[in-house]
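Each chain, written out:
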Amino acid sequence: MQSVRSADNVKTTSTTELAPERAFWPKTLITPPVAPTALWTIERGMSPVIATAIHEGHSTRLNLQPLFGLDDHDRLREEDPYTEFTIRDVPNRIVFHRSRFEVDINRNREGAIYLTPEQAWGLNVWAGALADDEIEASLRTHDAYYNMLLAFLKGIERQFGRFVALDIHSYNHRRDGPTARPTPPEQAPDINIGTSSMDRGRWATVVDALIAHFRSHTINGSPLDVRENVAFQGKGEQTRFIHEHFPKTGCAIAVEFKKFFMDEWTGEPDTDVLDQLRQIVATAVPILEKTLASQP
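Basis of the calculations
- Residues numbered from 1 in each chain as written.
- Predicted model: local features only at pLDDT ≥ 70, side-chain atom pairs only at ≥ 80, totals over all residues.
- Heavy atoms only, no water.
- Helix = DSSP H or I, 4+ residues; strand = E, 2+ residues; numbered from the N terminus.
- Buried < 20%, exposed > 50% of the residue type's maximum accessible area, 1.4 Å probe, protein only.
- Contact = heavy atoms within 4.5 Å.
- Polar contact = N/O pair within 3.5 Å; in protein donor to acceptor, adjacent residues only side chain to side chain.
- Core = buried A, V, L, I, M, F, W, Y, C linked by side-chain atoms within 4.5 Å.
- Salt bridge = Lys/Arg side-chain N within 4 Å of Asp/Glu carboxyl O.

**Let's talk about the environment of V95**
Next, step 1: Examined against the element boundaries, V95 turns out to sit in strand 5 (residues 92–96).
Next, step 2: Note on V95: relative accessible area 7%, which makes it buried.
Next, step 3: In the structure, V95 is positioned 65 residues away from F160 in sequence and 22 Å away in space, judged by C-alpha atoms.
Next, step 4: Not counting the four nearest positions on each side in its chain, V95 is found in contact with L39, W40, T41, A53, E56, E84 and I87.

Below you can see the structure in the form of structure tokens.
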């Protein structure tokens, strides 16, 4: 375990020894770079607002790499690169560094390993049947993550009484190819807010404040299209887990950015758009803090 401490925050990275450099590695904006074997990075700050980027990661265990039936580029297309960058100014952050193709933290334990094409957008993830010991090794990471998350959130609950967790993701809208028509805008908002696993009535003021904040901004002069439960409904495991364990004190909101901030086929980022998204997320923090403090 490596750690860096300052007056107001504690940053920890769960990792083991460095693995050999890989032939392919996607572009990343994470600085300083983390070890290829890192599991997650945590930043603890003085705020009840948390953000996570649990599909940011691309790395996998070395012994899994020859077992994949997908190449790195195919895996990258279904991951959420650069989501870490958008939350960099949120006081509390968790970034998961392993690929969802090793273990998907946002699915329950039984579905966290993609064993069939039906679990993975029709993709054949593995070249052959995955051995039970490899499955169990990946599931141990899933268990460890949720043990960590529970302890982390309990600490914030003790300090602030309640909290808001922004579960940040991104989604493809050009699935038919880089030159094909994108998903129709009516089915693909710029920002999708997922709330199906929460008590919407209890947290209405918080959710509505976040939506209003996002809608008040433009990207390159165009108003952001922000809608609730359109492309996704917020049914992921992390938000469900938070609402189960913190039913009265934890508001977990799934936020899906359409990949208009990058080329989803090449992985190339639009850093100007990412800078704007980062600023929009950063300025949401004091609004969420104020709204949360006014909750009855």
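Further notes follow.
**Let's talk about the environment of L150**
Next, step 1: Within the secondary structure, L150 sits in helix 3 (residues 132–160).
Next, step 2: Separated by 96 residues in the primary sequence, L150 and F246 place their C-alpha atoms 9.5 Å from one another.
Next, step 3: Contact partners of L150, with chain neighbours within four places excluded, come to F241, H245 and F246.

**Brief notes about the side chain of H169**
Next, step 1: Checked against the element boundaries, H169 lands in strand 6 (residues 163–171).
Next, step 2: Among the polar contacts made by the side chain of H169, one reaches the side chain of H55 at a distance of 3.3 Å.
Next, step 3: Polar side-chain contacts of H169 include one of 3.3 Å to the side chain of D80.
Next, step 4: Setting aside residues no more than four positions away along its own chain, H169 makes contact with I54, H55, D80, T83, N106, V255, E256 and F257.

**Structural notes on the nonpolar core**
Soluble globular proteins tend to pack their nonpolar side chains together in the buried interior.
Next, step 1: Core analysis: the largest hydrophobic core is formed by 38 residues, its most contacted members being L166, I193, L210, I253 and V255.
Next, step 2: Within the residue set of this core, elements represented by two or more residues are strand 4 (49–53), strand 6, strand 7 (191–194), helix 4 (204–215), strand 11 (250–258) and helix 6 (271–293).
Next, step 3: Of all the elements, helix 6 adds the most residues to this core, at nine residues.
Next, step 4: Not counting the four nearest positions on each side in its chain, V255 is found in contact with L166, D167, I168, H169, I191, N192, I193, L210 and F214.
Next, step 5: I113, I135, L139 and I242 belong to the second-largest nonpolar core, a separate cluster that totals 35 residues.

**Notes on the pattern of salt bridges**
Next, step 1: Enumeration according to the criterion identifies 20 salt bridges in this entry.
Next, step 2: In this structure, the salt-bridge partner of E102 is R61, at a minimum N-O distance of 3.2 Å. Within this pair, whereas E102 is found in the loop between strand 5 and helix 3, its partner R61 is found in the loop between strand 4 and helix 1 (72–78), the two being separated by 41 residues in sequence. Note on accessibility: E102 and R61 belong to one class, buried.
Next, step 3: Across the pair R98 and E102 runs a salt bridge, and its minimum N-O distance is 2.7 Å. Comparing R98 with E102 shows no difference in burial state: the two are buried.

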